[in-house]
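Remarks on the overall topology
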Amino acid sequence: MPTTTWNRHHVLSLADFTTAEYDTVLQTAASFQEVLSRRTKKVPTLQGQVVANLFFESSTRTRSSFEIAAKRLSADTLNFAAATSSMTKGETILDTAKTYLAMGTDIMVIRHREAGVPNAIAAEMDRLGVRVSVLNAGDGQHEHPSQALLDLFTISTLIDPANPRLKLLKGKKIAIVGDILHSRVARSNIWSLIATGAQVHLAAPPTLLPKLFAEYFSEESGDRSQESLVISPSSPSPQLFLHWQLEPALQDADFVMTLRLQKERMTAHLLPSLREYHQLFGITRAKLQLCKPNVKVLHPGPVNRGVEISSDLMDDPEFSLIQSQVTSGVAVRMALLYLLGSGKA
Ligand code: NCD
């Protein structure tokens, strides 16, 4: 295991992650990736510790990935699903968390459809003076740190499998395409990708961009449909770009991250039709011609096949990193649980 010190007690957001922390996660995940390739895929690192997965919102891969990661580290796991819990009898979120605390939980992995719930539980644990760590597994439209870290790991191990590190992405062009407005994955990825020194190009229809950005492109400001917005243009090498068209984002891109249309979070009719969306922003082989020849495509899943990405492209191992993202997820979550849990022994 890397020897770098780790002082973080909760992982709630990537906004304040340091280069050393990113590299520690990447290197620790690489050692666990090696463990996962052995015949015996289990290590005793978190023996005796309890990891509780408190998922107040639906999930397939994130919940299962945290569960298998905890099990590979020999922790005891508790799985909570809101629909079958005492919350249906009126129990509050904090009381639910305290119930798990009373059972000896060491790490709480929390997903909730409201932004800020993991932070609130972490604050309560700190107030109580207990050594419970909280890991944000996705909160509303806010952040999804473990997803962005596994995306970072997937890309950097593709470039250098033996030694993944932040620096490997410097200067790469990465397009993030789709429902940026509702995406916690995009928010966490913007933090981590900017930290690498990559150029991050966001592309979406204005209705799927955060309000401030959308206003820039709105008709009242004149027709800017062909323009792009450079965030912090005065910096010597700007890193964040916004486009209302897909093409400038894809031009010479090294990686394309597609995002699911989060229909469950849409309160208004934000799109004329899924067909039109696919035509304009759906990623297809033909559109990838604009990118670098060895471009790779990522998607956090679950995928609306044929909407944000064409079905054949999704299954094409020459371009698609989707399965490798899921595999990386286990090693990265083992790394996070290990880094949070190893101080508790
Ligand atoms: C993402 C999520 O839940 O935010 N999925 C995931 O964790 N793998 C993205 C999504 O739901 O579209």
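Residues numbered from 1 in each chain as written. Predicted model: local features only at pLDDT ≥ 70, side-chain atom pairs only at ≥ 80, totals over all residues. Heavy atoms only, no water.

A separate point is the sheet that holds strand β9 (residues 255–258). Spatially, the six strands line up as an open sheet ordered β7-β8-β6-β5-β9-β10, and their pairing is mixed. Edge positions in the sheet fall to β7 (228–231) and β10 (296–298), since each has one partner strand and no second. Across the sheet, the axes of successive neighbouring strands diverge by a mean angle of 20 degrees, strand direction being ignored. Here strand β5 (residues 173–177) runs beside β9; their pairing, made up of four bridges, is parallel. Paired with alanine 175 across the strands is valine 256, a residue of β9. (Pairing = 2+ DSSP bridges. Helix = DSSP H or I, 4+ residues; strand = E, 2+ residues; numbered from the N terminus. Axes fitted to C-alpha atoms, helices over the stretch in contact; angles between N-to-C directions.)

Okay, the pattern of salt bridges next. Going through the model one piece at a time under the given rule, you end up with 17 salt bridges. Note that glutamate 124 and lysine 98 form a salt bridge whose closest N and O atoms lie 3.3 Å from each other. Taken together, the positions of glutamate 124 in helix α4 (residues 117–128) and lysine 98 in helix α3 (residues 93–102) put the pair 26 residues apart, joining distant regions of the chain. Residue class for lysine 98 comes out partly exposed when judged on its relative accessible area of 31%. Across the pair arginine 165 and aspartate 160 runs a salt bridge whose closest N-O atoms are separated by 3.1 Å. By relative accessible area, which is 25% here, arginine 165 ends up partly exposed. (Salt bridge = Lys/Arg side-chain N within 4 Å of Asp/Glu carboxyl O. Buried < 20%, exposed > 50% of the residue type's maximum accessible area, 1.4 Å probe, protein only.)

Attention now goes to the packing of aromatic side chains. Inspection of every chain in the model, using the stated rule, returns six aromatic pairs. Arranged with centres 6.1 Å apart and planes meeting at 70 degrees, the rings of tryptophan 6 and phenylalanine 17 form a pair that is edge-to-face. Of the two residues, tryptophan 6 is situated in the segment before α1 (19–36) and phenylalanine 17 in the segment before α1; the sequence distance between them amounts to 11 residues. Residue tryptophan 6 shares its accessibility class with phenylalanine 17, and that shared class is buried. The interplanar angle of 20 degrees and the centroid separation of 5.9 Å between the aromatic rings of tyrosine 277 and phenylalanine 281 together place this pair among those described as stacked. Here the residue tyrosine 277 and the residue phenylalanine 281 both occupy positions in helix α9 (residues 274–281), the gap between them amounting to four residues, near one helical turn. Exposure remark for tyrosine 277: the relative accessible area of 3% places this residue in the buried category. Residue phenylalanine 281 is classed as buried on the basis of its relative accessible area of 5%. These aromatic residues form a ring-pair network of at least three members: Trp6, Phe17 and Tyr22. A cation over a ring is seen here: arginine 333 above phenylalanine 66, with NZ or CZ 4.9 Å from the ring centre. (Phe/Tyr/Trp six-rings, centres within 6.5 Å; stacked < 30°, edge-to-face > 60°. Lys NZ or Arg CZ within 6 Å of the ring centre and 35° of its normal.)

Moving on, we get to the side chain of threonine 284. Structurally, the position occupied by threonine 284 is in the loop between α9 and α10 (285–288). If sequence neighbours within four positions are ignored, threonine 284 has contacts with His278, Ser310 and Leu313. (Contact = heavy atoms within 4.5 Å.)

Our next topic: α9. Three or more residues of α9 are buried, namely Tyr277, His278 and Phe281. Relative to the axis of α9, the buried residues are bounded by an arc of 100 degrees and lie together on one face. Every exposed residue of α9 that faces more than 90 degrees away from the buried side is listed here: Arg275 and Gln279. Buried residues along α9 sit against β5, β6 (199–203) and α10. (Arc of directions from axis to C-beta.)

This brings us to the environment of proline 206. Position of proline 206 among the secondary structure elements: in the loop between β6 and α7 (211–217). Relative accessible area serves as the criterion here: at 18%, proline 206 is assigned to the buried category. Residues within four places of proline 206 in sequence aside, it is in contact with Ala214 and Trp244.

Relative to strand β2 (residues 76–81), strand β1 (residues 50–55) runs parallel, the two being bridged by six bridges. Bridge assignment links leucine 54 to a residue of β2, and that residue is phenylalanine 80. For the segment spanning β1, helix α2 (residues 61–72) and β2, crossover handedness is right-handed. (Right-handed = clockwise from strand over helix to strand, strands pointing away.)

Packing of helix α5 (residues 145–159) against helix α6 (residues 184–196) leaves a shortest axis separation of 8 Å and a crossing angle of 45 degrees. Of the possible angle classes, the one that applies to α5 and α6 is oblique. You can see that α5 and α6 cross each other, and the crossing is right-handed. Facing α5, whose interface residues are Pro145, Gln147, Ala148, Asp151 and Leu152, α6 presents Val185, Ser188, Asn189, Ser192 and Thr196. Class assignment of the residues belonging to the contact of α5 with α6 gives a composition of four nonpolar, five polar and one charged. (Parallel < 35°, antiparallel > 145°, perpendicular 65-115°, else oblique. Left-handed = near helix turned anticlockwise from the far one by under 90°. Nonpolar A, V, L, I, M, F, W, Y, C, P; charged D, E, K, R; others polar.)

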